[in-house]
Amino acid sequence: MFSNKKLAIFAVLVMIAPIVLAACGPTPEPSTVIQTVVVERTQVVPGEEKTVVQTVEVEKTIVETQIVEVTPTPVPVTRKGGWADMIVFTSIDSAEAAVKQIQAGQLDVYAYGVADAAVFETVKSDPNLSYVNSYGSYTELTFNPVLNFTDGRLNPFGDPKIREAMNWLVDRNHIVQEIYSGLGKTKLFCLNSAFADYARYVDTARELEAYYAYNPEKAKEVITAQMESHGATLGADGKWQYNGQPVTIVIVIRTEDERRQTGDYVANQLETVGFTVDRQYKTRSEASPIWVQSNPADGLWNIYTGGWITTAISRDDGSNFAFFYMPYDYPIPLHQAYTPAPEYDEVGLKLRNNEFTTLEERAELFRKAMRLSLQDSVRAWLVDQLSFSPMNANIEVAYDLAGGISGSRLYPYTIRWKGQEGGTIRIAQPGILVDPWNPVAGSNWIYDMMPIRATGDVGVIPDPYTGLVWPQRIESAQVYVKEGLPVAKTLDWLTLEFVPSIEVPGDAWVDWDATNQKFITAAEKFTQTQTANTKVVVTYPKDLFQTVKWHDGSPLSVGDFVMYMIMQFDRGKPESALYDEAAASTLEAFLAHFKGVKILSTDPLTIETYDDTFYLDAELMVATWWPSYDYGQAPWHTIALGALADGAGELAFSADKADANQIEWMSYIAGPSLEVLKKHLDAKVASPSLYFTPTLEAYVTADEAAARWANLESWYSLQGHFWVGTGPYYLNKAFPVEQTLSLLRNPDFVDTADKWNRFGTPMLATAEIDGPGQVKIGEEAAFDVYVTFQDEPYPTDNLKEVKYLLFDAKGALVTTGMATAVEEGKWQVVIPADVTGKLEAGSNKLEVAIVSNVVSIPTFAAFEFVTAP
């Protein structure tokens, strides 16, 4: 025997044991073989201080088995509702403070679009933190459009030309680079530069961006001329005066983010053109009563540093012009004071209602609207933010490329601790419970809408990467479109059919008689047969009314759908007790294109809708009539409760009506509204009845009405509020003063928690342009465009188009066109000789806009080259 030996095995024998997988079938029988192998042994020879290497043959037994690849049978998810047991929302204004709390384990998600470069570096460098990017947040200056306030003061921003001049007075590049540290892009339009319509009309965008580039001298010239035309004079101190008093601009500056620095910068610029500026620094809750709720004519403010978030990818921004500049879609006093020029009003409404028949006609309307919006400028847009939302690295959630986490419609269905179910997730935003919650016309703040969305459900749900929709509660949809209209279908879950004509049936509901509380049919309203551009037929599952329950335990019913239909009309009718002037303009715009709705069946629920409005995507035309109102989901009985209070003049659904009547803006969750609503509930429990009885009595039985009121009474006794939805979470407690609320998992939710777990990493393209640095004038020039995703070629089939724009040395657009696919990930732009022949000697720019089919965020890249004779 060897003594003091070291054994070094150079030929390794592997003993393969049988692999056992639960529920995967029988394990194959092992086989045994005898194999001779060679090993080397090293021996230290005593007394000689040396090592001897010997080679020997050794017989070893090797157990072998055949390896059969099998897929484990997945364990089905049985958990209903959300993955978490509880979600707690709190308010934190500072992103830096929020990140510190996440690092300390006191917070899990900061659901806000942050644009702080220093905080971004902190998050990226910490392996315990993660983040998601989003492109839907943007900022602007909101102007009070009233020229003379009720006390006689002159408001310069009541003059459209002065508002337009503000586009020259602010240096957007300065704001992006110095205030946002480069985390954003300059913004001139109500179109988001990360969405499809901006890429479609980027040639017009570039032209107007050049025209409205920073030019303080021009701004001062226009402002001076207009102020003098209104009778203002410039004093010896260089300050504007009107009727012997300084023209003071009250700018309400939000303090929670970069808008504080932006507000100060704008105030400084206003002082350079002679205005006296009153800087009022406000948090969101302090600012909201001023710009949202007050009558603009009262003159409490002149400018507000506004911020917005588009919570889902927008494939059609045409309605933005009407929403942001016209009095049709946002029921607050400010928007009711908007008076756009007749031409702009007409163009904006056509785009809102898609009143065109070809893409060329749409393009003409869009280009007009882009120009007219800048001449109107009730808003001066500043920055499209590149935002990030930090979170614990162990949190997973489906976020939206536009709205991030806070704007994601899928977040409540997907947010969880990785690989786990249950537990508490703590979310903070810079504000919570800002304005009253009511589903009809309550809070529009993203800080409120995020928890609100978790309590409700929808008929269809937006894809977070493309903006198309998927069926959530509906079973199927058939879309019929008049031949010749530019509509296309992408997804297979619905059908699209083009037909020569679409006739509206005589028994379709087309309007509402508020006096008699009954729908008006097409046959009753019109003497001739009506036609429509579109018909959509939506069918719900047969077990819908057995499986879906409201949080108070009441089963969903047809009455909830009919109440939702009624509420689209009633508040806009002067004969109604619920009449709201703000809703009247909305209804007027709606009736301009709406052609009728008909309930074909209640078992299963099947609804067909007729309309002249269409969208470029058939998926976006699916009208579900699901009872999810603009500001939250609600059943017929809680809507009726609010209607009783609104109709009695005790509370008002909207801020506009509350201000006009000097009454409380209705809240379903807190404050003095609860006492009023409880009074009406008590009356209904004592004597069960309906609201809009002449119509609803055909769809709601007396037994259902009594059960609903009893359920709501029990719910209020337990929860202390009237907020009732069907979503994966329900509102537990809300504390507006403390700015915190909690949501609890709804175990009666119809779907299992894993329904929407399929979303992975969005395929955002990266692009580079390569080509000659110098081009001879009058000769053809070719440029290569490389498109990648995660350093791999971007599949050609996944790209819709690669568009190019050529700008000359003066910044003027010379030509546009489409690049040609060469191979996977490579495209080519060829500038013909006759085009380069039009260029002058100097520096030119080639820009490409890349539009994908699988994500709706376009990618831009630019390349500069010199032309010489």
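The structure presented is a predicted model; accordingly, all values stated were derived computationally and were not measured.

Side note on the overall build of the protein chain
Okay, step 1: The helix and strand tally for the protein chain stands at 25 helices and 43 strands.
Okay, step 2: Over its C-alpha trace the protein chain gives a radius of gyration of 32 Å, about what one expects of a compact globule, namely 29 Å for 869 residues.
Okay, step 3: Seen through its principal axes, the protein chain has C-alpha atoms that stretch 115 × 85 × 60 Å.
Okay, step 4: Within the span of the protein chain, comprising 869 residues, buried residues form 56% of the whole.
Okay, step 5: A separation of at least 24 residues holds for 71% of the contacts in the protein chain among residues at least 6 apart in sequence.
Okay, step 6: In the form shown here, the protein chain has an accessible surface area of approximately 35600 Å², with 49% of it arising from carbon and sulfur atoms.
Okay, step 7: A distance of 2 Å separates the average location of the 67 positive side-chain charges in the protein chain from that of its 111 negative side-chain charges.

Description of the packing of aromatic side chains
Okay, step 1: Per the counting criterion, the structure on display carries 52 aromatic pairs.
Okay, step 2: Consider the rings of Tyr716 and Phe722, whose centres lie 4.4 Å apart with planes at 15°: the pair is stacked.
Okay, step 3: Under the relative-accessibility criterion, Tyr716 is labelled buried at 18%.
Okay, step 4: Take Phe722: its relative accessible area is 1%, and that puts it in the buried class.
Okay, step 5: Among the aromatic residues, those joined into a ring-pair cluster are Trp509, Trp512, Phe519, Tyr564, Phe569, Phe590, Phe594, Trp625, Tyr629, Tyr691, Phe692 and Tyr699.
Okay, step 6: Across the ring face of Phe120, the terminal group of Lys124 is positioned such that the distance to the ring centre comes to 4.6 Å.
Okay, step 7: Over the ring of Tyr447 we find Arg284; its NZ or CZ atom is 5.2 Å from the centre of that ring.

A look at the side chain of Thr638
Okay, step 1: Within the secondary structure, Thr638 sits in helix α20 (residues 636-647).
Okay, step 2: Overall, Thr638 belongs to the buried group, its relative accessible area being 1%.

What to know about the packing of helix α3 (residues 160-169) against helix α7 (residues 216-229)
Okay, step 1: α7 packs onto α3 with a crossing angle of 160° between their chain directions and a minimal axis gap of 8 Å. The pairing of α3 with α7 is recorded here as roughly antiparallel in orientation. Taken as a pair, α3 and α7 cross one another with a handedness that is left-handed. Contacts from Lys161, Ile162, Ala165, Trp168 and Leu169 of α3 reach α7 at Pro216, Lys218, Ala219, Val222, Ile223, Gln226 and Met227.

Brief notes about helix α24 (residues 702-719)
Helical periodicity: at 3.6 residues per turn, an α-helix aligns residues three or four positions apart in one direction.
Okay, step 1: Taking 1.5 Å of rise per residue, the 18 residues of α24 would be expected to cover 26 Å, and the 26 Å separating its terminal C-alpha atoms lies within 8% of that figure.
Okay, step 2: Buried residues of α24: Glu704, Ala705, Arg708, Trp709, Leu712, Trp715, Tyr716 and Gln719, and no others. Around the axis of α24, the buried residues are gathered within 130° of arc, so they sit on the same side. In α24, the exposed residues that point more than 90 degrees away from the buried face are Ala702, Asp703, Ser717 and Leu718.

Quick notes on the sheet that holds strand β14 (residues 379-385)
Okay, step 1: Read from one edge of the open sheet, six strands run β7-β14-β6-β13-β11-β12, paired in mixed fashion. Of all the strands in the sheet, just β7 (184-186) and β12 (276-282) have a single pairing partner and so form its edges. On average, adjacent strands in this sheet sit at an angle of 25° to one another, irrespective of strand direction.
Okay, step 2: As paired strands, β7 and β14 are joined by three bridges and run antiparallel to one another. Note that in β14 the partner of Thr186 across the bridge is Val383.
Okay, step 3: Strands in contact with helix α9 (residues 284-293) are β11 (248-254), β12 and β13 (303-309); relative to β12, the strand with the most contacts, it is inclined by about 125°.

Section: the side chain of Asp611
Okay, step 1: Here Asp611 lies in strand β27 (residues 605-611).
Okay, step 2: At a separation of 2.9 Å, a polar atom in the side chain of Asp611 contacts the main-chain amide nitrogen of Thr613.

Section: the pairing of strand β38 (residues 799-807)
Okay, step 1: β38 sits mainly inside the fold: seven of its nine residues count as buried.
Okay, step 2: Where β38 and strand β42 (residues 842-852) come together, eight bridges link them in antiparallel fashion. Of the residues in β42, the one forming a bridge with Phe807 is Lys845.
Okay, step 3: Note: β38 against strand β39 (residues 813-818), five bridges, orientation antiparallel. Its bridge partner being in β39, Lys803 is matched across the sheet by Met818.

Quick notes on unusual backbone geometry
Okay, step 1: Geometrically, the link from Asp603 to Pro604 is a cis peptide bond, its omega value of 0° lying close to zero.
Okay, step 2: Positionally, Pro604 belongs in the loop between β26 (594-602) and β27.
Okay, step 3: Phi angles above zero are rare outside glycine, and Gln517 is one such case at about 55°.
Okay, step 4: Relative to the helices and strands, Gln517 is located in the loop between β23 (509-513) and β24 (518-521).
Okay, step 5: Here Gln739, not a glycine, exhibits a phi torsion of approximately 55°, which is positive.
Okay, step 6: Considering the arrangement of structural elements, one finds Gln739 in the loop between β32 (729-735) and β33 (740-745).

Side note on the environment of Ser585
Okay, step 1: Here Ser585 is to be found in helix α19 (residues 581-591).
Okay, step 2: Of the residues examined, Ser585 reaches a relative accessible area of 11% and is grouped as buried.
Okay, step 3: Note: C-alpha distance between Ser585 and Tyr328 (257 residues apart in sequence) is 5.1 Å.
Okay, step 4: Among residues more than four places away in sequence, those in contact with Ser585 are Pro327, Tyr328 and Gln336.
Okay, step 5: Side-chain polar atoms of Ser585 contact the backbone oxygen of Pro327, separated by 2.5 Å.
Okay, step 6: There is a polar contact of 3.0 Å between the side chain of Ser585 and the backbone oxygen of Ala582.

With respect to the packing of helix α18 (residues 558-567) against α20
Two packed helices can be described by the angle between their axes and the distance between those axes.
Okay, step 1: Two elements in contact, α18 and α20, have axes whose closest approach is 9 Å; the angle formed by their N-to-C orientations is 40°. The residues of α20 that touch α18, namely those facing Gly559, Asp560, Met563 and Met567, are Trp636, Ile639 and Ala640.
Okay, step 2: By residue class, the composition of the contact of α18 with α20 is five nonpolar, one polar and one charged.

Rules used throughout
Residues numbered from 1 in each chain as written. Predicted model: local features only at pLDDT ≥ 70, side-chain atom pairs only at ≥ 80, totals over all residues. Heavy atoms only, no water. Helix = DSSP H or I, 4+ residues; strand = E, 2+ residues; numbered from the N terminus. Rg over C-alpha atoms; globule rule 2.2 N^0.38 Å. Buried < 20%, exposed > 50% of the residue type's maximum accessible area, 1.4 Å probe, protein only. Contact = heavy atoms within 4.5 Å. Areas by Shrake-Rupley, 256 points an atom, 1.4 Å probe, with all protein chains shown as cover. Lys, Arg positive; Asp, Glu negative; His and termini not counted. Charge placed at Lys NZ, Arg CZ, Asp CG, Glu CD. Phe/Tyr/Trp six-rings, centres within 6.5 Å; stacked < 30°, edge-to-face > 60°. Lys NZ or Arg CZ within 6 Å of the ring centre and 35° of its normal. Axes fitted to C-alpha atoms, helices over the stretch in contact; angles between N-to-C directions. Parallel < 35°, antiparallel > 145°, perpendicular 65-115°, else oblique. Left-handed = near helix turned anticlockwise from the far one by under 90°. Expected span 1.5 Å × (residues − 1). Arc of directions from axis to C-beta. Pairing = 2+ DSSP bridges. Polar contact = N/O pair within 3.5 Å; in protein donor to acceptor, adjacent residues only side chain to side chain. Nonpolar A, V, L, I, M, F, W, Y, C, P; charged D, E, K, R; others polar.

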